[in-house]
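# Summary of the model geometry
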Amino acid sequence: MKKRIFALVLALIMLSCCFISCSDNSDGDGKDTTVNTSAGTSGEDAGHGLPDVQYGKAVVVLTRKNEVYLKDVFVKSIDEQSTAVDKAVYNRNQIVESEFGVDFLSITADDEKDMDTKISIDVAAGESEYHIIAGHGRNMFSNAIAGNLIDWNELDYVDLDAEWWSNSAREEWSTPGGKLYLMTGDISYMGVGSAPVMFFNKTYVADSQLKSPYDLVYDNEWTLEKFKQYVISLDATLEVQGTGSGDIATDTFGYVTEQWRGPGYAPFCAGGKTLVLNESGVYELGQADEKTGNALQTYYELVVQSGAVYYDTKTSISSIRNAFAGGAAAFYDDCISEAVKLKSSGVDFGIVPWPKYDSEQESYNLVVGCGTNAFGVLINTKEEDREFISVILEAMAYYGGTEVIPYYFDTVVSYQAFKDSDSIEMLKVVRRDLHYDFGGWSGFGNFTNVGRDVIKRNGTPASTILMEYASASQAALDAWYALDKAE
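Residues numbered from 1 in each chain as written. Predicted model: local features only at pLDDT ≥ 70, side-chain atom pairs only at ≥ 80, totals over all residues. Heavy atoms only, no water.

## Thoughts on the packing of aromatic side chains
Here is the rule: Note on aromatic pairs: the rings of Phe, Tyr and Trp (six-membered ring only in Trp) are paired at centre separations within 6.5 Å, and the planes decide the class, stacked below 30 degrees, edge-to-face beyond 60, tilted for the rest. Every helix listed is a DSSP run of H or I at least four residues long, and every strand listed is a run of E at least two residues long, numbered separately from the N terminus. We call a residue buried when its accessible area falls under 20% of the maximum for its residue type, exposed when it is over 50%, and partly exposed in between, using a 1.4 Å probe and counting protein chains only. Think of it as a cone above the ring: NZ of Lys or CZ of Arg counts as a charge over the ring if it is within 6 Å of the ring centre and within 35 degrees of the ring normal.
One pass over the full model with this rule turns up 32 aromatic pairs. Taking 5.1 Å as the distance between ring centres and 75° as the angle between the ring planes, the aromatic pair formed by W173 and Y436 counts as edge-to-face. Placement of the pair is W173 in helix α5 (residues 167-173) and Y436 in the loop between β13 (434-435) and α16 (438-442), with a sequence separation of 263 residues. Both residues of the pair, W173 and Y436, belong to the buried class. Each ring, one from W222 and one from F227, has its centre 5.8 Å from the other, and the planes form 75°; the classification is edge-to-face. The same class applies to W222 and to F227, which are both buried. Put simply, the rings of F141, W173, Y283, Y436, F438, W441, F444, W480 and Y481 pair up and form one aromatic cluster. Its guanidinium or amino end placed over the ring of Y69, R64 lies 3.5 Å from that ring's centre, counting from NZ or CZ. Directly above the aromatic system of Y364 lies the positively charged group of K356, at a separation of 4.8 Å from the ring centroid.

Structure below.
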């Protein structure tokens, strides 16, 4: 039973994506360090309906040490060097601290492996040292299967129907029986910052007299085949500037990407999910269909056979970012947070969604990546602390929606990164079509590697690769099903 009724419905929905999470550390002017705590008024007057209570205790959050993930949740202090988003997160936490009489304390893990170790030790030791876990999505799924996390439906003051929690994440991450062990929403801005988009050089497109990608989106013509045509055409136009070496440092290309960007986005452009829950409560392959196969074949032909693309198989994305920023490419795909950094490059760029397979599709089906923060509560948390934790989680998400997400997206990304209204319109499309994918986040069978493996295995049909993944995922899926039978 819920313990209160919400009085305010926010207009902003937290949608969130990349398969490697992207940093946002170059926003704001670093001058205003004022903290506004006036938004934090207790009870119904605040709009969240939470109880008027002063806890007088610390909120201990376990996070990753890497500042990309840490600052999404916790900013200890701000100064003249702090970014605008750091200030917004700090301000959000100050409001929660003031309203509920708490202090945020962050304990950090060196990396995902160290976080799993800390969680295992904590669960085995008795009562939990941590109140909230903010971790990598796949690690959080692993901890759910290990029995280390509680069901969010038991957190009394968390209203999962509220718009400051992600409906997509709730739907995709729930077990077939409705249990939910990890969650996200406006509590985290990283999903917005890591939204997948296609950057394009507006000057190159205009000089070629091709129709603007903006207009292709408006006219429902921004498809994978059209993107392929544009890449090949613009590569031919840019050849006069390049050396023909095929080297990213000296040559020009129609499109540059790397193994965790384009190949990670491509399987979803046909509109499907990696795994689909059927009416019997069993997951089935969602992308072993002809349409997805055709999409990945088209993408393979573009990347491998066209000669118009530079494809980086290394783990660093810096080469393609630098190439686009230096004017060596017409297109590249990346997280939206990179737009703020690109503004200083001198390139006149715009963004559009990653293309959809055909014009029959209503959605661009843009996926949120599993590297961003997901939130959980450990199974050995004291019973008397669970109400307190639920209040703080709800407050963090609520004030994240009022203090952080609008500022980050509308001010930092929209107005600091872009010079034209069309790109801002594209951001609305991107936000509308973002979603979470169960197979990608859980890592059960590495389904999101299919685009990369089609390329790596010289065009092997996606359906063949997906069947192999399905076999490898069965043990993990069985453990996932078993959670519904656990007490």
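Resuming the write-up.
## Regarding the sheet that holds strand β5 (residues 253-258)
Here is the rule: Pairing between two strands is assigned when DSSP locates at least 2 bridges connecting them. For helices, the fitted axis covers only the stretch in contact; all axes are lines through C-alpha atoms, and the angles between them, taken along N-to-C directions, range from 0 to 180 degrees. Residues count as neighbours in contact if any of their non-hydrogen atoms are within 4.5 Å of one another.
An order of β8-β5-β9-β4-β10 is seen for the 5 strands of this open sheet, with the pairing classed as mixed. Each end of this open sheet is capped by a strand with a single partner; those strands are β8 (309-312) and β10 (349-353). Strand after strand, the sheet turns through a mean of 25° between neighbouring axes, direction not considered. Here 5 bridges tie strand β4 (residues 196-201) to strand β9 (residues 329-335), and the two strands are oriented antiparallel to one another. Along β9, the bridge assignment pairs M198 with D333. Of the strands in this sheet, β4, β5, β8, β9 and β10 touch helix α12 (residues 318-325), which is tilted by about 135° from β9.

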